[in-house]
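# Reading the structure
In case you want the letters, here they are:
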Amino acid sequence: MPSAQEQQTELQDLAHKLRIHSVNMTTASKSGHPTSCSSMAEIMSVLFYRQMRYSVAEPKHASNDRFILSKGHAAPILYAAWAEAGLFPVSDLMNLRKIDSDLEGHPTPRLNFIDVATGSLGQGLSVACGMAYAGKHFDKASYRTYCLMGDGESMEGNIWEALNFAGFYKLNNLCAIIDVNRLGQSDPAPLQHDMETYKKRMESFGFHAIVVDGHDILELCKAFDEAESVTDKPTCLIAKTFKGKYFPDIENLMNWHGKALGDKSASVVKHVESLMKNPGVKPTNIPPPTMDAPNVDITGVALSDPPAYTLGDKLATRQAYGSALAKLAKNNPNVVALDGDMKNSTFSQEMLKVDKNRYIECFICEQNMLGVGIGVACRDRSVAFASTFAAFLTRGFDNLRMGVISQTNLNVVGSHCGVSIGEDGPSQMALEDIAMFR
């Protein structure tokens, strides 16, 4: 068994190896985000080669810990992490962004280790919340969910909706990570390295917040261990990092976002290699999952009994939806419902009469509701129905767009749709939502 110091050295060497892969991959493709990868290299090394419990051979096993890379532009280092773990040959990394390669510029589930597409910033934490909610309340399993965000995207309203949801439901099996590398694309991020303000904001949402040096292996190990020990709330690691860390004449400087390093690549790689104790390092301690996620079968979903309407009677379509939802739920234990504080208008409240534990109240946060729905449906853990007024689904248009790319099986139901809904007026009237569906 290697000593603690030997393990730290291994993790640091692996972090540098991930940096080198990120540089080489983006140099070969002449595009990408190597500096955004470099700021999170130690976080990825500790997560993938020490903290997360998963089977490399079965990356989407139901009992595996989950990982969502919300800052999807850092895809090269995610691909590199799985390659170094042994899922596919390291040589394949050089196919990044090629037209005939599934290693696209941002992750999609065309890859067998990706749950959802990311890259439209701000959406990953909602999906992670859905995964964590399913793990805690439906699967009642040991797996944990990790979500890594950028500091720039943490200003997105969708993120704030997700923070509110996670804190309210005390998702102690969720660990959010903010890579606070200070620099955005065209300007520094609003808070730059004001770590105390980040911490106060996270705590105000009900998170256990830990400020950590994102380039210190030991600090990261301790912080992730601390996160696992928290039982009454979610945790957020707020990692102070530097964009382009260990890249000479590039680290912590503007105007390197989204750019391959070009003729600087060779000297950067040479410098990072000089920092490694063992250039041939391989992960030696990926913990296996706790195999306690239940078997779930979502096939054969059908009504418990057929519709029983009388010809000629008038019935609101939303009422018919509520009735159908209840009949599906009676017959299928994995059918779940989500709503945005509209359940007594959309009739999703009919789920409460069948099983109140399969109803998720998402409050007036439509973007988050759709993200959570995508998350609870991931890995076929449930058949999810998300409902609200159709007009308000337009707020979540981008979540739905990314859901299509994510190959989600989320079912979306909008009520009060049409050219006119009468007294409530145009603010409640859906029409544009038609353009969202195909």
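Heads up: the structure comes first, above all this text.
A brief look at the structure comes next. (Residues numbered from 1 in each chain as written. Predicted model: local features only at pLDDT ≥ 70, side-chain atom pairs only at ≥ 80, totals over all residues. Heavy atoms only, no water.)

The periodicity of an α-helix, 3.6 residues per turn, causes residues three or four positions apart to be oriented the same way. When you tally the buried positions in helix α3 (residues 41-51), you get 10 out of 11 residues, the bulk of the element. Restricting attention to buried positions, one finds in α3 the residues Ala-41, Glu-42, Ile-43, Met-44, Ser-45, Val-46, Leu-47, Phe-48, Tyr-49 and Gln-51. (Buried < 20%, exposed > 50% of the residue type's maximum accessible area, 1.4 Å probe, protein only. Helix = DSSP H or I, 4+ residues; strand = E, 2+ residues; numbered from the N terminus.)

In terms of burial, strand β6 (residues 335-339) is a largely internal element, five of the five residues being buried. Going residue by residue along β6, you find Val-335, Ala-337 and Asp-339 tucked away on one face and Val-336 and Leu-338 tucked away on the opposite face as well. Judged from the five bridges that link them, β6 and strand β8 (residues 383-389) form a sheet pairing that is parallel. The residue of β8 that forms the bridge with Val-335 is Val-383. (Pairing = 2+ DSSP bridges.)

Another aspect to go through is unusual backbone geometry. Not every positive phi belongs to a glycine, and Gln-192 is a case in point at roughly 45°. For Asp-341, which is not glycine, the phi dihedral falls at a positive 60°. Structurally, Asp-341 is set in the loop between β6 and α11 (343-346).

Spatial ordering of the open sheet is given by β7-β6-β8-β9, a layout of four strands whose pairing is parallel. The open sheet has two edge strands, β7 (359-361) and β9 (411-415), and neither has a second partner. Taken pair by pair, the neighbouring strands of this sheet meet at an average axis angle of 20°, ignoring direction. Taken together, the three bridges between β6 and β7 define a ladder with parallel strand orientation. Looking across to β7, one finds that Leu-338 is bridged to Ile-360. (Axes fitted to C-alpha atoms, helices over the stretch in contact; angles between N-to-C directions.)

A word on the environment of Phe-392. On the secondary structure map, Phe-392 appears in helix α14 (residues 390-393). Judged by its relative accessible area of 13%, Phe-392 falls in the buried class. The sequence separation of Phe-392 and Asp-194 amounts to 198 residues, and the corresponding C-alpha distance is 35 Å. If near-sequence neighbours (up to four positions away) are discounted, Phe-392 is found in contact with Met-342, Glu-366, Ser-427 and Gln-428. (Contact = heavy atoms within 4.5 Å.)

Under the definition given, this model contains 18 salt bridges. Residue Glu-350 is joined to Lys-353 by a salt bridge in which the shortest nitrogen-to-oxygen separation is 3.2 Å. Placement of both Glu-350 and Lys-353 in helix α12 (residues 350-354) is noted, with a separation of three residues, approximately one turn of the helix. Overall, Glu-350 belongs to the buried group, its relative accessible area being 16%. Here the residues in one salt-bridge network are Lys-17, Glu-84 and Lys-282, joined through shared partners. (Salt bridge = Lys/Arg side-chain N within 4 Å of Asp/Glu carboxyl O.)

Turning our attention to helix α6 (residues 157-168). For α6, spanning 12 residues, the distance from its first C-alpha to its last is 17 Å, which sits close to the expected 16 Å at 1.5 Å a residue. Residues Asn-158, Ile-159, Glu-161, Ala-162, Leu-163, Phe-165, Ala-166 and Gly-167 constitute the buried set of α6. Downstream of α6 by a residue or two, Lys-170 has a phi angle that is positive, lying close to 50°. (Expected span 1.5 Å × (residues − 1).)

To continue, consider the packing of helix α5 (residues 124-138) against helix α13 (residues 366-377). The contact between α5 and α13 brings their axes to 6 Å, and the two run at 50°. The pairing of α5 with α13 is recorded here as oblique in orientation. Crossing hand, α5 versus α13: right-handed. For the pair α5 and α13, contact is made by Ser-126, Val-127, Cys-129, Gly-130, Met-131, Ala-134 and Phe-138 and by Asn-368, Gly-371, Val-372, Ile-374, Gly-375 and Val-376, respectively. In the contact of α5 with α13, the residues fall into eight nonpolar, five polar and no charged. (Parallel < 35°, antiparallel > 145°, perpendicular 65-115°, else oblique. Left-handed = near helix turned anticlockwise from the far one by under 90°. Nonpolar A, V, L, I, M, F, W, Y, C, P; charged D, E, K, R; others polar.)

What follows covers the nonpolar core. Residues Met-44, Phe-48, Phe-67, Tyr-79 and Phe-224 are the most contacted members of the largest nonpolar core, which totals 61 residues. Here the element with the most residues in this core is helix α4 (residues 75-85); it accounts for nine residues. Those residues within four positions of Tyr-79 in sequence are excluded, and the remaining contacts are Met-25, Phe-88, Leu-93, Leu-96, Leu-103, Glu-104, His-106, Pro-107, Leu-111 and Phe-113. Counting residues in hydrophobic clusters, the runner-up holds 53 residues, among them Leu-125, Ala-128, Phe-205 and Ala-377. (Core = buried A, V, L, I, M, F, W, Y, C linked by side-chain atoms within 4.5 Å.)

Moving on, we come to the sheet that holds strand β3 (residues 174-180). Pairing in this open sheet of five strands is parallel, and the strands run β1-β2-β3-β5-β4 from one edge to the other. Among the strands making up the open sheet, the edge pair consists of β1 (66-69) and β4 (208-213). Taken pair by pair, the neighbouring strands of this sheet meet at an average axis angle of 20°, ignoring direction. Relative to strand β2 (residues 145-150), β1 runs parallel, the two sharing four bridges. By the bridge assignment for β2, Leu-69 is matched with Leu-148. Lying on the sheet, α3 is in contact with β1, β2, β3 and β5 (235-240); it crosses β2 at an angle near 170°. Against the sheet, helix α8 (residues 217-229) contacts β2, β3, β4 and β5, and its axis sits at roughly 170° relative to β4.

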